[in-house]
Every structure is written in structure tokens, then in C-alpha cells.
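Letter by letter, the chains look like this.
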Amino acid sequence: MKSTPLSSPNGKSLPVLPPLSGLCSFEKACQPGLPVATCVSRLKRFHYTLWRLHQIMIAHIAEEPRYELKMAFSHHGFLAAENDTNFRTRIGEMREPPLGLEALPHPALGVFFDEILATPSSAERVIGLYEKAFPALRTALQNYLKESHPLADAPSIRLCRLALVDLEDICDYGEQVVAALVPDELRTESAQWISLLDVCLAAAGGLDGSAKSSAGAEPLRHYSSQPFVYAGEPRRDERFPDPFNMGVNAEAFLYDETKPAEAKVLMMFYKRLREIDVPEMMSSIITETKGKPWSYHRDMTRQLWDEARHAMMGETGFVSLGIDWSQLVMVNFTWSRCLNLELTPKERHAVLYFIEQGLMPKTGKRHEWEVSRESNNPLATTFQDFDWADEVLHARIGRDWYVADMPSASEAIAYGDACWSEVTLDWAQWKKDGLTEHRNWWPDLYRTWCANRNLPPDPEVLAFDISYEGQRADLKETSV
Ligand SMILES: [Fe+2]
Ligand SMILES: [Fe+2]
Ligand SMILES: [Fe+2]
């Protein structure tokens, strides 16, 4: 159906422009679409799905040992939070107060996500996430685009299309993860559990509730028959062979004016990669803090994703220099481990805020950016530039969600400092217990980097040997 040609009063025909501001053809627009009540019901299920997916991925960042999955959960948890925010807002625009955003749309859908949350293995978890939940959401969004009215419901359609851009990427990535991590034997062993997920979706009338749902008892729980217990102790894979090693004090090198900027870039890439411990730690704050509004979860998840990006910037930095960081750089988990195991969520947030507000002055993020410019490493300059911008945002998030809960800004800082000092970063004990030798890995890294560039090592740089014994990363003394 084409738009009817219009003529002006003087008989001249008007130029033909695309109709309906480009939303769709009249042919499509002349067909009726879903009623508002159905749209709201489906949008609530999209919201519920993204909310639960966010929760599941964030809750498994610390205990997931595989580096790439930690990063993927950080990324996909962030995308779930952003799209959920969009759907929450849209539901509020559709004659909906009370919103009922906390309500469970169907008991079987609750079981579906509880089961994925409670899986004891990464392999089953990635099946649940990337083979079941995300593809089901993708199909549900595609169906919404086909069935809702493109003109009448244009604001929802736009949000579904935006979500689909993310969903396509997530599903592509997830397919590769499942292919790499799930052996055929596991599929056979877990066949019953995998079919339980299908049973749940079918009982719920499909993810969007558009099919006939069962009114009977909810499907029999398997892993989720016990309440989920969050595991905050960070785990790492083989590329982190010495996770208690605190033998190389990056800050002592970085703030030493006699050291050359080029070599400092190596320390900055190390510091960036070591930021893998921030998503591990923030996942515990987000998971264990109760009673906050959604905007808290959204902001904190944005910060968590930034920290994961910073780690991957460090990784990319080493790749750009032809350095195998898994052999030459001992990236520890001592900070996230101690904070997760020893402090309350509020105390952890206090430490995070204390560290991040200290990054802004002269020795902090600006300094790192200036050093990278001085070093003539354009990639490091790009990374430090954005690392700095992100950290300014994080200071704002800290003010909104941590300082605002404290009597004053100065007390917020003092409390963070005190909480950090309480943590037992026990250098000597770890050595005594045989957990690490705190080996100084710097000379090997520096020598390899010099060899890659056909340059002789500078003896003074090579001789750097300051550890974190008795020192925190801000060069203050530790409690032990
Ligand atoms: Fe950071
Ligand atoms: Fe950073
Ligand atoms: Fe940060």
C-alpha cells in the first residue's frame, strides 16, 4: 500500500517523501498490533529476564576462574543492566503505576533463573546463560518487533531493537563459549538438568508468555532446591600461577622520578591488568548489598564493567609489546580476596572510594596519562586517557552511593582509610605458609621487553627490587 499522492490547492503535485517518519510502510501501519496490556506483560518479562541475568552474571565474577569469562560476565552483566533500565522506564510510561517491577511474572520463570544461578559448574552455567536464556530472550524480542504496532508502540519497539543489537553480540559470543567449554559427555550427564530448563520455559508459556502456560505446580527444582550461597573468594585460572605474589611494587616504581617513562609503561600495563581484582570485589558489594534502588545496581555495574575494561586494556598493552603476561607478570588477587573475605560490603565500598578519590590528584590518573605521553607509546596514552576519564566517573558514583550514606565527606574518607588498614595483607605470613615466595618478576619482564626492542637493559631499572612488604598500594604502611 503506497501513500496516496497529495496535491496542493494550485493543482501542482507535492514532492513524495517517505511516510510515517521512516517507522514503517502504510501497509504495515494499517495492521492492528498487540494491546497495551499484552505489551506491558511482555515488557515486564523482558525486564525480569534482564534483571535475573544481571544478577546471575555479577554473582559469579569472583568465583569464575576463567579470565575471559570473568570479563564476559562483567560485560554482559552491564549490557543486561542497561537494557533492563530502558525497559523499567518504558513500563512506567504505559498506564502502569503500580509498576510491580519486583513481581515474579510466572513461578516457572523464577525456577528457570534460580537453576542457572545455582549451577555448580561453569559449563552448565554457560549452557543456561548462552544456550537457553539469552537466545530465548532474543527470539522473544524478535517476536515483539513482529507483533507490536510500529507506530502506536514505537517507543517500545526502539528499545527492543537496541536490546537486540546487544543480544546478537552476546549470543554470537556465547555460542563460541559453549562450543569451547562444554564437552559432549557433560551434555549427556546433564541432559536431565538441561531439559528441566526447557520444561521451565514451556511451563511459563515461553519467555514472553505468548504461548499457553501451565497452571499446575512449578517444575521440580534441582540445583536450586537449596538456597543460593554467594562465593566471594576469587578464583583464577592457570595464567595466574602466583596469585599471592606481592613482590613488585608498581607504585614505588611509577612515582620514582629517576625511572624512565618507557619502562613505567610496563608497570602501568601491569596495574591495569591487575584491576581484574576490582570486578571481583565489586561483584561482592553488588551481590551482598540489600535494599538499594535499581539506580544503585546500574551505577555500580557500570563501574564494575569499566574496571574489567581497564584490565583488558592492560592485557592488550602486553599483547601490543609481544609479551606473554601469563609467564612474565604475576597478577595477584590479594586485594579482592582480603576485602571479600574480611570486610562487610559497606567497608569494601569505603576502601574502594578511599582509593579512587586518591587517584585524582597529581600522583594519580593525570600523572599516569602524562607518563604515557612522555613515553611516546600512543596506545598507552589512549588507555590512560580513558582510564582517567572513567575514574572521574567512579569518584562521582562513590559520592552518590557511599559518601551520601556517611555523616560527612571527610569521615567517609577516614573510614575507607581505616577499613583498608584493617585488612590483613599479611606479606610475611603468606610466605611462611608457602603460598608464595613473593618472587621479584620485574627483571625477567624488563629484560624480555628490552630484548624485543633490541635495546640493552638499563642496569638501574633492571635492579628495581621493592616489594609490597609492609606497604599498601598508596605506599602507606599496612597493619601487619
Ligand atoms: Fe580502577
Ligand atoms: Fe583503572
Ligand atoms: Fe575505578
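Residues numbered from 1 in each chain as written. Chains lettered and ligands numbered in written order. Predicted model: local features only at pLDDT ≥ 70, side-chain atom pairs only at ≥ 80, totals over all residues.

Trainee: Tell me about the overall build of the chain, and please be specific about residues and values.
Mentor: Scanning the chain from terminus to terminus reveals 21 helices and 0 strands. Viewed in the frame of its principal axes, the chain has a C-alpha envelope of about 85 × 65 × 50 Å. For the chain, restricting intrachain contacts to residue pairs at least 6 apart in sequence, the fraction spanning at least 24 positions comes to 79%. (Helix = DSSP H or I, 4+ residues; strand = E, 2+ residues; numbered from the N terminus. Contact = placed C-beta atoms within 7 Å.)

Trainee: Please provide a residue-by-residue account of the packing of helix α3 (residues 67-91) against helix α6 (residues 154-181), values included.
Mentor: Viewed as axis vectors pointing N to C, α3 and α6 meet at an angle of 165°, and their least axial separation amounts to 10 Å. As summarised for this structure, α3 and α6 are arranged roughly antiparallel, according to the angle between their axes. Two packed elements cross with a definite hand, and for α3 against α6 that hand is left-handed. Packed against α3, whose contacting residues are Ala72, His76, Leu79, Asn83, Asn86, Phe87 and Arg90, the element α6 presents Pro155, Ser156, Leu159, Leu162, Ala163, Asp166, Ile170 and Tyr173 at the interface. Grouping the amino acids of the contact of α3 with α6 by side-chain chemistry returns 9 nonpolar, 4 polar and 2 charged. (Axes fitted to C-alpha atoms, helices over the stretch in contact; angles between N-to-C directions. Parallel < 35°, antiparallel > 145°, perpendicular 65-115°, else oblique. Left-handed = near helix turned anticlockwise from the far one by under 90°. Nonpolar A, V, L, I, M, F, W, Y, C, P; charged D, E, K, R; others polar.)

Trainee: Give a detailed account of the nonpolar core, specifying residues and quantitative values.
Mentor: Across soluble globular proteins, you tend to see nonpolar side chains buried next to one another. Core analysis: the largest hydrophobic core is formed by 114 residues, its most contacted members being Phe112, Cys200, Leu266 and Val351. Here the element with the most residues in this core is helix α2 (residues 36-59); it accounts for 12 residues. Residue assignment places this core across two domains, with domain 1 (30-207) and domain 2 (250-462) each supplying three or more. For Phe112, the contacting residues outside a window of four places in its chain are Leu197, Cys200, Leu201 and Ala204. (Core = buried A, V, L, I, M, F, W, Y, C linked by C-beta atoms within 7 Å. Buried ≥ 20, exposed ≤ 12 C-beta atoms within 10 Å, placed from the backbone. Domains from an automatic or database assignment.)

Trainee: Just give me the short version of helix α10 (residues 261-274), but keep the residues and values in it.
Mentor: Helical geometry: 3.6 residues make up each α-helical turn, so side chains three or four residues apart lie on a common side. Along its 14 residues, α10 runs 20 Å from first to last C-alpha, staying within 8% of the 20 Å computed at 1.5 Å per residue. Burial in α10 covers these residues: Ala263, Lys264, Val265, Leu266, Met267, Met268, Phe269, Tyr270, Arg272, Leu273 and Arg274. (Expected span 1.5 Å × (residues − 1).)

Trainee: A description of the environment of Lys28 should follow, citing residues and the corresponding values.
Mentor: Relative to the assigned elements, Lys28 resides in helix α1 (residues 26-29). Taking the C-alpha atoms as reference points, Lys28 and Leu266, separated by 238 residues in sequence, lie 58 Å from one another.

Trainee: Pulling in residues and values, what's your account of the domain arrangement of the chain?
Mentor: For the chain, the domain assignment lists domain 1 (30-207) and domain 2 (250-462). The interface is formed by 14 residues belonging to domain 1 together with 18 residues belonging to domain 2. Contributions of two or more residues to the side of domain 1 that touches domain 2 are made by α2 and α3. Tallying contributions element by element places α3 first for the side of domain 1 that touches domain 2, with 9 residues. Looking at the side of domain 1 that touches domain 2, its residues break down into 7 nonpolar, 5 polar and 2 charged.

Trainee: Give me the lowdown on the environment of Asp465, citing residues and values where you can.
Mentor: Here Asp465 is to be found in the segment after α21 (459-462). Note: C-alpha distance between Asp465 and Ala59 (406 residues apart in sequence) is 37 Å.

Trainee: Before we move on, can you summarise unusual backbone geometry with the specific residues and values?
Mentor: In this structure, Leu20 is a non-glycine residue whose phi angle is positive, near 55°. Mapped onto the elements of the fold, Leu20 is located in the segment before α1. C-beta crowding within 10 Å serves as the criterion here: with 14 such atoms nearby, Leu20 is assigned to the partly exposed category. Located in the positive-phi region is His438, a residue other than glycine, with phi close to 55°. With respect to the helices, strands and loops of the structure, His438 is situated in the loop between α19 (427-432) and α20 (442-452). Using a count of 21 C-beta atoms within 10 Å as the deciding quantity, one classes His438 as buried.

Trainee: Could you give an account of helix α15 (residues 345-357), with specific residues and numbers?
Mentor: Along its 13 residues, α15 runs 18 Å from first to last C-alpha, staying within 8% of the 18 Å computed at 1.5 Å per residue. Of all 13 residues that make up α15, 10 are buried, and the element is covered over most of its length. Looking at α15, one finds that the buried residues are Arg348, His349, Ala350, Val351, Leu352, Tyr353, Phe354, Ile355, Glu356 and Gln357.

Trainee: So what's going on with the packing of helix α5 (residues 122-147) against α6? Residues and values would help.
Mentor: Direction vectors running N to C along α5 and α6 enclose 150°, while the axes themselves pass 8 Å from each other. By the angle class used here, α5 and α6 are roughly antiparallel. Every pair of crossing elements has a handedness; the one defined by α5 and α6 is left-handed. The residue inventory of the contact of α5 with α6, partitioned by class, reads 21 nonpolar, 2 polar and 4 charged.

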